[in-house]
Amino acid sequence: MRRTAHAVILSICFILTLTACSNSPTGRNQLLLFSGNQMADLGQRSFEEMKQSQPISQDKAVNTYVQCVTQAILKVVPPQSNFSEWEVVVFDSEQVNAFALPGGKVGVYTGLLNVAETPDQLAAVIGHEIGHVLADHSNERLSRSQLAALGLTITGMSLSDSPHAAMAMAGLGLGVQVGILLPYNRAQESESDKIGLQLMHQAGFNPSASVDLWRNMAKASDGAPPELLSTHPSPNTRIKALESGVSHLPNVPHRMKAQCQRPRTN
Ligand SMILES: [Zn+2]
């Protein structure tokens, strides 16, 4: 009994001294319990797993298109300290979904291209997802879920051990894959929207396409909701906030818009 109490106190001390209370890119307070390297490692390992288990699109036109849009966005993303290169993979799936993971991994599902109707709309999704990475949202979400699930015993935890692995995948936003849904919260969503708008703007895309994109997404949810919406709740207030964000974008220099050829979809 005394031992347990001692361990708890030690855990609390450990957390209090090591906890990173930092600020997000928009100045929000964040509780980040994992290091950037830990998160990058986790993202990279999860991505490898996905590449092994899910079909990758071999369609040349689709790959060229997605790479074209994503690389245009990545040109305006500042260098990251925990990894040197971004990797972009197109998964062959009807899922209307895309994600970006810590460690510089971007996944786009071919199904998304039926809803994102233009290069600008695709750029809106990619910019938004990369926004989640730049603002450490996985770390924040994982920190919160682990604290809730494990109390304060987080110190001895290894992210690669089962059953933590499934929760870790969910923390990365890959909940659709492992059946644990941990949607981003509203503050994270609107933060990613803001970062995404800036990235689109700087990359030369039309930021107001983000409004069209989320409208399309809402329309597409008449039947079964798109997977992206299950982890990205998208109330009407979000579309309003995006409209306002578009009209308040700073007048910064931006690149020439990349000419990306959207392939025919069925
Ligand atoms: Zn999001």
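Just above, that's the structure.
For clarity, every value in this text was computed on a predicted model and none was experimentally measured.

So, how was this worked out
- Residues numbered from 1 in each chain as written.
- Predicted model: local features only at pLDDT ≥ 70, side-chain atom pairs only at ≥ 80, totals over all residues.
- Heavy atoms only, no water.
- Helix = DSSP H or I, 4+ residues; strand = E, 2+ residues; numbered from the N terminus.
- Buried < 20%, exposed > 50% of the residue type's maximum accessible area, 1.4 Å probe, protein only.
- Contact = heavy atoms within 4.5 Å.
- Areas by Shrake-Rupley, 256 points an atom, 1.4 Å probe, with all protein chains shown as cover.
- Salt bridge = Lys/Arg side-chain N within 4 Å of Asp/Glu carboxyl O.
- Axes fitted to C-alpha atoms, helices over the stretch in contact; angles between N-to-C directions.
- Parallel < 35°, antiparallel > 145°, perpendicular 65-115°, else oblique.
- Left-handed = near helix turned anticlockwise from the far one by under 90°.
- Nonpolar A, V, L, I, M, F, W, Y, C, P; charged D, E, K, R; others polar.
- Core = buried A, V, L, I, M, F, W, Y, C linked by side-chain atoms within 4.5 Å.
- Expected span 1.5 Å × (residues − 1).
- Arc of directions from axis to C-beta.
- Phe/Tyr/Trp six-rings, centres within 6.5 Å; stacked < 30°, edge-to-face > 60°.
- Lys NZ or Arg CZ within 6 Å of the ring centre and 35° of its normal.

Asks: Give me the lowdown on the overall build of the protein chain, citing residues and values where you can.
Replies: Scanning the protein chain for helices and strands turns up eleven helices and five strands. Across the 266 residues that make up the protein chain, the buried fraction comes to 47%. Pairs at least 24 residues apart make up 72% of the contacts formed inside the protein chain by residues separated by at least 6 positions. Total accessible area computed for the protein chain in this model is approximately 13,200 Å², and 54% of it derives from carbon and sulfur atoms.

Asks: Could you give an account of the pattern of salt bridges, naming the residues involved and the relevant values?
Replies: Scanning all chains against the criterion turns up ten salt bridges. The partner of Glu140 in a salt bridge is Arg28, with the nearest N and O atoms 2.8 Å apart. One end of the pair, Glu140, is in helix 5 (residues 137-150); the other, Arg28, is in the loop between strand 1 (20-23) and strand 2 (29-32), and 112 residues separate them in sequence. Taking the relative accessible area as the measure of exposure, Glu140 reaches 5% and is therefore buried. Residue Asp41 is joined to Arg45 by a salt bridge in which the shortest nitrogen-to-oxygen separation is 2.9 Å. With a gap of four residues between them, Asp41 and Arg45 both fall in helix 2 (residues 36-53), about one helical turn apart. Taking the relative accessible area as the measure of exposure, Arg45 reaches 38% and is therefore partly exposed. One salt-bridge network, held together by shared partners, links Glu48, Lys51, Glu87 and Lys105.

Asks: Could you give me a rundown of unusual backbone geometry, with the residues and numbers involved?
Replies: For residues that are not glycine, phi is negative in most cases, and the peptide bond is trans in most cases. We note that Asp136 has phi near 60°; this positive angle belongs to a residue other than glycine. Along the chain, Asp136 turns up in the loop between helix 4 (119-134) and helix 5.

Asks: Before we move on, could you go through the packing of helix 4 against helix 8 (residues 186-203) and cite the residues and values that matter?
Replies: At a minimum axis distance of 7 Å, the contact between helix 4 and helix 8 shows a crossing angle of 125°. Taken as axis vectors, helix 4 and helix 8 run oblique relative to one another. Crossing of helix 4 against helix 8: the hand is right-handed. Between helix 4 and helix 8, the residues in contact are Asp120, Ala123, Ala124, Gly127, His128, Ile130, Gly131, His132 and Leu134 and Gln188, Glu189, Ser192, Asp193, Ile195, Gly196, Leu199 and Met200, respectively. Partitioned by chemical class, the residues of the contact of helix 4 with helix 8 number seven nonpolar, seven polar and three charged.

Asks: Now, about the nonpolar core: what can you tell me, with residues and values included?
Replies: Counting 48 residues, the largest nonpolar core has Val66, Trp86, Leu112, Leu122, Ile130 and Met217 as its most contacted members. In terms of residues, this core owes the most to one element, helix 4, which gives eight residues. Setting aside anything within four residues of it in sequence, one finds Leu112 in contact with Gln95, Val96, Asn97, Ala98, Leu122, Val125 and Met217. If you look at the next biggest cluster of nonpolar residues, it comprises seven residues, including Phe47, Met50, Val89 and Phe99.

Asks: Mind laying out helix 11 (residues 236-247), listing which residues take part and the relevant values?
Replies: Taking 1.5 Å of rise per residue, the twelve residues of helix 11 would be expected to cover 16 Å, and the 17 Å separating its terminal C-alpha atoms lies within 8% of that figure. Three or more residues of helix 11 are buried, namely Arg238, Ile239 and Leu242. With its buried residues spanning 100° around the axis, helix 11 presents them on a single face. Along helix 11, exposed side chains directed more than 90 degrees from the buried face belong to Asn236, Thr237, Lys240 and Ser247. Those residues of helix 11 that are buried are in contact with helix 4, helix 8 and helix 9 (209-220).

Asks: Kindly report on the packing of helix 8 against helix 11, identifying the contributing residues and their values.
Replies: The geometry of helix 8 relative to helix 11 is characterised by a closest axis approach of 10 Å and an angle of 35° between their N-to-C directions. In this structure, the crossing between helix 8 and helix 11 has a hand that is right-handed. Together, Glu189, Asp193 and Leu197 of helix 8 and Arg238, Leu242, Gly245 and Val246 of helix 11 make up the contact between the two elements. Class assignment for the residues of the contact of helix 8 with helix 11 results in three nonpolar, one polar and three charged.

Asks: Explain the packing of aromatic side chains to me, using residue names and the numbers behind them.
Replies: The full count for this structure, using the stated rule, is six aromatic pairs. Residues Phe47 and Phe91 carry aromatic rings whose centres are separated by 6.1 Å and whose planes lie at 80° to one another, so their mutual orientation is edge-to-face. Highlighted residues: Phe47 in helix 2 and Phe91 in strand 3 (residues 87-91), separated in sequence by 44 residues. Judged by relative accessible area, Phe47 falls into the buried class, the value being 0%. One aromatic cluster is present, formed by Phe47, Phe91, Phe99 and Tyr109 through successive ring pairs. The ring of Trp214 is capped by Arg238, whose NZ or CZ atom sits 3.9 Å from the centre of that ring.

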